[in-house]
Amino acid sequence: MTRQARVYWCDGSEEEARRLMEIGEKEERIGSQSVFYKLNQETFPFSYLHRSHPTDVARTEQLTFVCHPDREMVGPNNNWMDPGEAKAKMRGLSEGCMAGRTMYVLPYLMGNHLSPYAKACVQITDISYVAVSMRIMTRMGKDVLDRIGASENFVKGIHSVGDFDPSRRFIMHFPEENLVWSIGSGYGGNALLGKKCFSLRIASLLGLKEGWLAEHMVIIGVEDPKGNVTYLVAAFPSACGKTNLAMMESALPGYKIWTLGDDIAWLHVGDDGRLYALNPETGFFGVAPGTSMATNPNMMRTLKAGTFYPTLYTNTALNTDTNEPWWEGMDGSRPENLLDWQGNICQPDSKTPAAHPNSRFTVGIRQCPTLSPEADNPQGVPISAIIFGGRRSDTRPLVLQGFNWQHGVFMAATMGSETTAAAALQVGVLRRDPMAMLPFCGYNMGDYFRHWLDMGKRMTRPPEIFCINWFRKDEDGEFLWPGFGENIRVLKWIVERSLDSGSTIPRRETPAGFLPGRRSLDLSGLDISEANLEKALAVNPREWKAELSNVEIFLKKFGDRMPGEIWDEFNELSASL
Ligand code: OXD
Ligand code: MN
């Protein structure tokens, strides 16, 4: 059907990565541009720049469908298409789509080779950029084909960039067949089918059937000055600081963050009744703008650590004096001689960003200096607290703890966030984004909340649940909380509240949840006024009432699929405000 000129079976080796870089540099093109451009190999070892098609710069949620015979099961949170109709459409669009091009066959594993939870997958693609990106982000290799053998039990991905025409761009999921079929985009979550498409959308549905959760979460270990490590997961919408949190450098002496993952966590209940998290990926696909030695020094070190994994920069600007990538918010001043993300010369006084706001780096997790020694644990790590967050200029306080599992699930189910450039949507508008999974939950969200409630009942020691908001602003639009490495102060409170001794750590009860008690947040050495701290932590009934009417509209969309427990919590909060 695809009529490719040749087939290339990838084995995941280093020689192959180098060969693919060369093909992308010298043989493949997007329009008039090479797929890869070699950057300064002294300062950015094994690094390449990729410029995507100008219409293809973010995930396209409006072109993403879940195709299942039961529309109700798919829910109002997903675009739906009948599987037969979707297949016919995709066949039409895919006819001859690889003519004259190479089809790369990518066998890969999501999860550790030794993990009982790992899933074998095969994706085909027709662009070296996706082949190389998948090698960074997954465990790719011939051994995966041996593992699959003659069985049908693997996740199938068909991907072609087609002609990049947005009117012929679709990302279709067929959960009944473990199949993802994507055409017309080479960008991130639209094209690296092991990521959002499988490890979140399809995996979330597998999790519903098999009793586990696939979540949009970072996994970190927080080490205290005594050397005890407590593991946490945290869910934030795209481009809200998950990567910065995952490799944060603590502003409090003696504390250290260990990195296990920055985007996806698979959560299983262990034999001991605790919740365990593992990261199915092996790389970071992070947002570049704003990343610097000041905001995320460990990521800057990761980017420059070049090993046998190439590091890719997608749609960043290029400093033509040094041949290095550049983006807004990087250290130092704006270079004089810059090409923007499309390769055009930038005027020095231009106010338009030179890097695309959703420009990204793709880099191997092995290069991360804070990688946890437990990152490859086949069972995952035991989780003491689950954090949910969003980008909210108002209403939501710096941190709130849920009263119990059910209340925590309600808090997460009703969270919202101001949209970012990660998806092709209007930026900065508030949308409800339960568990940061709105674009990624592959089935009806009402059923998803019920699954979360049921998971809690299966654990003998469920993690504590918290909601955080680093982004609250004052009347003048200034952030109230300094963020970045100072966030450790909030994590410290969260960890302490989550340990067995947690009930002794002071907290204040509000209708919306527990706030840190007076002086229980460690503010030593931090310059923040009492007034700002109070504003950052305020639970304001007027704001919450407005919030709840917005929440009610959202929850009602799911009709009787919305569990009664969620409405019970809603009614209790409404009544107590
Ligand atoms: C991502 C996203 O790329 O969430 O991780 O958009
Ligand atoms: Mn993400």
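The rules we used
All chains use their own residue numbering, which begins from 1 and follows the written sequence. Think of it this way: whatever chain is written first is A, whatever ligand is written first is 1, and the rest follow in order. Totals for whole chains, interfaces and linings use all residues, but because this is a predicted model, local features are given only for residues with pLDDT of at least 70 and pairs of side-chain atoms are given and counted only at 80 or more. Based on all heavy atoms of the structure, the side-chain values leave hydrogens and waters out of the count. Strands are treated as partners if at least two bridges between them are detected by DSSP. Put simply, DSSP H or I for four residues or longer makes a helix, DSSP E for two residues or longer makes a strand, and each gets a number counted from the N terminus. Put simply, a salt bridge is a Lys or Arg side-chain nitrogen that is within 4 Å of an Asp or Glu carboxyl oxygen. Here the term buried applies to any residue with accessible area under 20% of the maximum for its type, exposed to any over 50%, and partly exposed to those in between, with areas from a 1.4 Å probe on protein chains only. Coordinating N, O and S atoms are those within 2.8 Å of the metal (3.2 Å for Na, K and Ca), and as water is not part of the atoms, a site may appear to have fewer donors than expected. Only protein atoms enter the 1 Å grid used here, on which a cavity is any set of points holding a 1.4 Å probe that cannot leave and a pocket is any open set flanked by protein within 12 Å on both sides along at least five of seven lines; residues with an atom within 4 Å of a point are listed as lining. Grid points are joined across faces, edges and corners, and a volume is the space filled by probe spheres set on the points. Ten residue types, Ala, Val, Leu, Ile, Met, Phe, Trp, Tyr, Cys and Pro, are classed as nonpolar, four, Asp, Glu, Lys and Arg, as charged, and the remainder, Gly among them, as polar. A cutoff of 4 Å decides nearness: a residue is near a molecule or strand if any of its heavy atoms lies inside that distance of it. A 3.5 Å cut-off defines polar contacts: any pair of N or O atoms within that distance qualifies, except that in protein one atom must be a possible hydrogen donor and the other a possible acceptor, and neighbouring residues in sequence count only when both atoms are side-chain atoms. Each accessible area is a Shrake-Rupley estimate made with a 1.4 Å probe; only the visible protein chains count as cover when residues are assessed. In this scheme, a molecule is assigned to a cavity or pocket if more than half of its atoms are within 2 Å of the grid points. Only the stretch in contact is used when a helix axis is fitted, and all axes are lines through C-alpha atoms; the angle between N-to-C directions ranges over 0 to 180 degrees. An angle counts as roughly parallel when it lies under 35 degrees, as roughly antiparallel when it exceeds 145, as roughly perpendicular when it falls between 65 and 115, and as oblique in every other case. Left-handed describes a crossing whose near helix is turned anticlockwise from the far helix through less than a right angle; right-handed describes the clockwise counterpart. In this analysis, two residues are considered to be in contact whenever any of their non-hydrogen atoms come within 4.5 Å of each other.

Our next topic: the pairing of strand β31 (residues 507–510). Where β31 and strand β32 (residues 513–516) come together, 4 bridges link them in antiparallel fashion. Bridge assignment links Arg-508 to a residue of β32, and that residue is Leu-515. Hairpin connection, β31 to β32: the antiparallel pair is bridged by 2 residues.

Attention shifts here to the pattern of salt bridges. If you walk through the whole model with that rule in mind, you get 32 salt bridges. The residue Arg-3 makes a salt bridge to Glu-95 at a minimum N-O spacing of 3.0 Å. Pair noted here: Arg-3 is in the segment before β1 (6–9) and Glu-95 is in the loop between α3 (83–94) and β8 (102–110), with a separation of 92 residues, a long-range link. Judged by relative accessible area, Arg-3 falls into the exposed class, the value being 51%.

Our focus in this paragraph is the coordination of the manganese ion (ligand 2). Only Lys-196 (NZ), His-216 (NE2) and Asp-263 (OD) from the protein coordinate the manganese ion (ligand 2), and they sit 2.1 to 2.2 Å from it. Here the donor residues of the manganese ion (ligand 2) are spaced in sequence according to K-x19-H-x46-D. Of this pair, Lys-196 sits in helix α7 (residues 194–210) while Asp-263 sits in the loop between β17 (256–261) and β18 (265–269), placing them 67 residues apart in sequence. Take Lys-196 and Asp-263: they sit in the same class, and that class is buried.

Let us now look at the layout of surface pockets. A volume near 980 Å³ is recorded for the largest pocket. In terms of lining, the largest pocket is formed by 50 residues, of which the most central are Ala-239, Cys-240, Gly-241, Asn-244 and Arg-391. When residues of the lining of the largest pocket are traced back to their parent elements, those giving at least two are α6 (188–191), α7, α8 (242–246), β20 (283–287) and β25 (360–364). Take the lining of the largest pocket: its biggest share by element is 4 residues, from α8. Among the residues forming the lining of the largest pocket, the class breakdown is 21 nonpolar, 18 polar and 11 charged. One number sums up the size of the second largest pocket: a volume of about 290 Å³. For the second largest pocket, the lining is made up of 15 residues, of which Arg-508, Arg-518, Glu-530, Leu-533 and Leu-537 are closest to its centre. Among the secondary structure elements, those contributing two or more residues to the lining of the second largest pocket are β32 and α13 (530–537). Tallying contributions element by element places α13 first for the lining of the second largest pocket, with 4 residues. Residue composition of the lining of the second largest pocket, by class: 8 nonpolar, 2 polar and 5 charged.

Turning next to empty space enclosed by the protein. Overall, the coordinates contain 7 cavities of 30 Å³ or more when judged by the stated rule. In this structure, the largest cavity encloses a volume near 120 Å³. Considering the residues around the largest cavity, the lining is formed by 17 residues, among which Pro-237, Ser-238, Thr-419, Thr-420 and Arg-431 are closest to the centre. Grouping the amino acids of the lining of the largest cavity by side-chain chemistry returns 7 nonpolar, 5 polar and 5 charged. Taken as a whole, the second largest cavity spans an internal volume of roughly 80 Å³. Phe-388, Gly-389, Gly-390, Arg-392, Arg-396, Pro-397, Met-415, Gly-416, Cys-467, Ile-468 and Asn-469 together form the lining of the second largest cavity. Breaking the lining of the second largest cavity down by element, the ones donating at least two residues are β26 (381–389) and β30 (464–468).

Strand order across the open sheet formed by 5 strands is β4-β5-β21-β25-β20, with mixed pairing between neighbours. Each edge of the open sheet carries a strand with a single partner, namely β4 (37–38) and β20. Taken together, the 5 bridges between β20 and β25 define a ladder with antiparallel strand orientation. Residue pairing across strands places Phe-284 opposite Val-363, the latter belonging to β25.

Turning our attention to the site of ligand 1. By nearness alone, every residue bordering ligand 1 is listed as Arg-59, Lys-195, Lys-196, His-216, Ser-238, Asp-263, Phe-285, Arg-360, Ala-422 and Phe-440. Lys-196 is positioned with one of its side-chain polar atoms (N or O) 2.9 Å from an oxygen atom of ligand 1. Contact between ligand 1 and His-216: an oxygen atom at 3.3 Å from a side-chain N or O atom of the residue. Coverage of ligand 1 by the protein amounts to 95% of the 210 Å² it exposes when considered alone. Judged by its atoms lying within 2 Å of the grid points, ligand 1 is housed in the largest pocket. Taken together, the residues of the shell around ligand 1 break down into 3 nonpolar, 2 polar and 5 charged.

This part takes up the packing of helix α10 (residues 405–413) against helix α11 (residues 445–458). At a minimum axis distance of 9 Å, the contact between α10 and α11 shows a crossing angle of 155 degrees. Considering the angle they form, α10 stands roughly antiparallel to α11. The two elements α10 and α11 cross, and the hand of that crossing is right-handed. Listed contacts from α11 to Trp-405, Gln-406, Val-409 and Ala-413 of α10 are Phe-449, Trp-452, Leu-453 and Gly-456. Along the lines of polarity and charge, the residues of the contact of α10 with α11 split into 6 nonpolar, 2 polar and no charged.

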